[in-house]
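Listed here are the chains, written in short residue letters.
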Amino acid sequence: MTTAAISKPGAVAWALILLLGLIWGGSFFFARVAVLEVPPFTLVFLRLFLAALALHIYLHGRFGLYATLRTHWRWFLVMGFINNALPHTLIFFGQTEIGAGLASILNASTPIWTVLIANRWTTDEKLTPAKIAGCLTGLAGTAVLIGPGVAAAASVPFWALILPILAAISYGVAGTYGKRFRGLPAPVTATGQLTASSLIMLPVSLFADQPWALPAPSTHAVLAILALALLSTAFAYLLYFRILALAGATNASLVTLVVPPSAILLGALFLDERLEATDLIGMLLIGFGLVLLDGRLLRRRSNVASRAP
């Protein structure tokens, strides 16, 4: 695949990016429905276990899956914890108090934290003026979102706002740590980390929630869990890897801009969620920060200006 083909995603790649944004936005919606009946630890385990099982069935041992699991199990345990078990748990606990739209907006700060962490821990991804501007803008948006929660802690607990942000930081650490998996087939990495994170969450769920003593969830909750695991986790990973092959990592990261609007739309349509003006302002600031981090819009405007007579 040529560099030109990667830098300019075609109609198929753009359609897949929009579809993935809708699916990942749906994960916040499905989680909000399920977490009202299923404790967060158990919900995280079910999401990861069912997704891992689906990917194992899909791969059926191809790409040297089992040999890779044996030789890289320590890597997968670390990645499974910081990229799946920990952030999912933080988000689900936060969603016991906040809606799908707000949780998705707060989590949309992930690329900002990734840039800051990569600057500290890597030698090839240092901060530039554009990245600094993007980080500051995105952090300002996050502060706008948190501010009303501090003022109205009686209705929105402060900890519920902080948890999705901590999850975003965990994703940022995982994005940097995940560079060591570059030599492995992407579906193997996804299956490995989901398998490892399932093993991490199993004893936590059994000890903390005692799921055998919980009342049976409703049909709506069961369907939400299945959609969360099979659609928003297993299928979403395969879709993401397809986008990586078609358009490259930078273009694939644009899906982050699509997730909050889709989560907000689903929450408004089906959960009667309503966002305040500050929530929308915060989302716009985070989105603009991501545009600055991406850099292509500014480069395009600079090129147009340079060609002007």
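Read on for an overview of the structure. Remember, predicted model here, so these are calculated numbers, not experimental data. (Residues numbered from 1 in each chain as written. Predicted model: local features only at pLDDT ≥ 70, side-chain atom pairs only at ≥ 80, totals over all residues. Heavy atoms only, no water.)

## Let's talk about the overall build of the protein
Along its length, the protein carries 14 helices and zero strands. In sequence order, the secondary structure elements of the protein are arranged as α-α-α-α-α-α-α-α-α-α-α-α-α-α. Burial statistics for the protein: of 309 residues in total, 48% are counted as buried. Put simply, of all contacts in the protein between residues at least 6 apart along the chain, 88% involve residues at least 24 apart. Of the roughly 15000 Å² of accessible surface on the protein, 71% is carried by carbon and sulfur atoms. (Helix = DSSP H or I, 4+ residues; strand = E, 2+ residues; numbered from the N terminus. Buried < 20%, exposed > 50% of the residue type's maximum accessible area, 1.4 Å probe, protein only. Contact = heavy atoms within 4.5 Å. Areas by Shrake-Rupley, 256 points an atom, 1.4 Å probe, with all protein chains shown as cover.)

## Describing the environment of Thr-142
Here Thr-142 is to be found in helix 8 (residues 129-151). Once the C-alpha coordinates of Thr-142 and Ile-165 are considered, the two residues, 23 residues apart in sequence, prove to be 8.3 Å apart. Apart from residues no more than four positions distant in its own chain, Thr-142 is found in contact with Leu-106, Ser-109, Ile-165 and Ile-286.

## Details of the side chain of Asp-209
Note on placement: Asp-209 falls in helix 10 (residues 186-209). At a separation of 2.8 Å, a polar atom in the side chain of Asp-209 contacts the side chain of Thr-42. Ignoring any residue separated from it by four or fewer positions in sequence, one finds Asp-209 in contact with Pro-39, Phe-41, Thr-42, Val-204 and Leu-214. (Polar contact = N/O pair within 3.5 Å; in protein donor to acceptor, adjacent residues only side chain to side chain.)

## So, the packing of aromatic side chains
In the structure shown here, the tally under the stated rule is six aromatic pairs. The interplanar angle of 20° and the centroid separation of 5.5 Å between the aromatic rings of Phe-76 and Phe-181 together place this pair among those described as stacked. With Phe-76 in helix 5 (residues 73-94) and Phe-181 in the loop between helix 9 (158-177) and helix 10, the pair connects residues that are 105 residues apart, well separated along the chain. Of the residues examined, Phe-76 reaches a relative accessible area of 1% and is grouped as buried. With a centroid separation of 6.3 Å and 65° between ring planes, the pair formed by Tyr-177 and Phe-181 is classed as edge-to-face. Exposure remark for Phe-181: the relative accessible area of 5% places this residue in the buried category. Among the aromatic residues, those joined into a ring-pair cluster are Trp-75, Phe-76, Tyr-177 and Phe-181. The positively charged end of Arg-62 is found above the aromatic ring belonging to Tyr-58, 5.2 Å away from the centroid. Here the guanidinium or amino end of Arg-180 rests over the ring plane of Trp-75, the centre of that ring lying 5.5 Å away. (Phe/Tyr/Trp six-rings, centres within 6.5 Å; stacked < 30°, edge-to-face > 60°. Lys NZ or Arg CZ within 6 Å of the ring centre and 35° of its normal.)

## Regarding the nonpolar core
With 45 residues, the main nonpolar core has Phe-28, Leu-43, Phe-92, Ile-98 and Leu-194 as its most contacted residues. Mapped by element, the contributors of at least two residues to this core are helix 2 (11-35), helix 3 (40-59), helix 5, helix 6 (100-107), helix 9, helix 10, helix 11 (219-252) and helix 12 (255-270). The contacts of Leu-43, once residues within four sequence positions are left out, are Ala-31, Ala-34, Val-35, Val-38, Phe-92, Ile-225 and Leu-228. Of all hydrophobic cores here, the second largest spans twelve residues; its members include Met-79, Ala-174, Tyr-177 and Val-188. (Core = buried A, V, L, I, M, F, W, Y, C linked by side-chain atoms within 4.5 Å.)

## Examining helix 3
End to end, helix 3 covers 28 Å across 20 residues, agreeing with the expected 28 Å (1.5 Å per residue, within 8%). Listing the buried residues of helix 3 in full gives Pro-40, Thr-42, Leu-43, Val-44, Phe-45, Arg-47, Leu-48, Ala-51, Ala-52, Leu-55, His-56 and Leu-59. Two residues or fewer past helix 3, His-60 is found with a positive phi of approximately 55°. (Expected span 1.5 Å × (residues − 1).)

## What about the side chain of Ser-27?
Along the polypeptide, Ser-27 turns up in helix 2. For Ser-27, the contacting residues outside a window of four places in its chain are Arg-47, Leu-228 and Ser-232.

## A short note on the environment of Thr-114
Here Thr-114 lies in helix 7 (residues 110-121). Among the residues examined, Thr-114 registers a relative accessible area of 22% and is labelled partly exposed. Considered as a pair, Thr-114 and Ile-169 are 55 residues apart in the sequence and their alpha carbons are 7.3 Å apart. Look past the residues within four positions of Thr-114 in its chain and what remains in contact with it is Tyr-171, Gly-172 and Thr-176.

## Observations concerning unusual backbone geometry
Non-glycine residue His-60 carries a positive phi angle of around 55°. Positionally, His-60 belongs in the loop between helix 3 and helix 4 (65-71).

## What about a nonpolar patch on the surface?
Taken together, the side chains of Leu-19, Leu-22, Leu-231 and Phe-235 define a hydrophobic patch exposed on the protein surface, amounting to about 320 Å² of accessible area. Those elements that provide at least two residues to the nonpolar patch are helix 2 and helix 11. Inspection of the secondary structure assignment puts Leu-19 in helix 2. Looking at Leu-19, the relative accessible area reads 36%, which means it is partly exposed. (Patch = residues over 30% accessible without salt bridge, like charges linked within 9 Å, V, L, I, M, F, W, Y side chains within 5 Å. Salt bridge = Lys/Arg side-chain N within 4 Å of Asp/Glu carboxyl O.)

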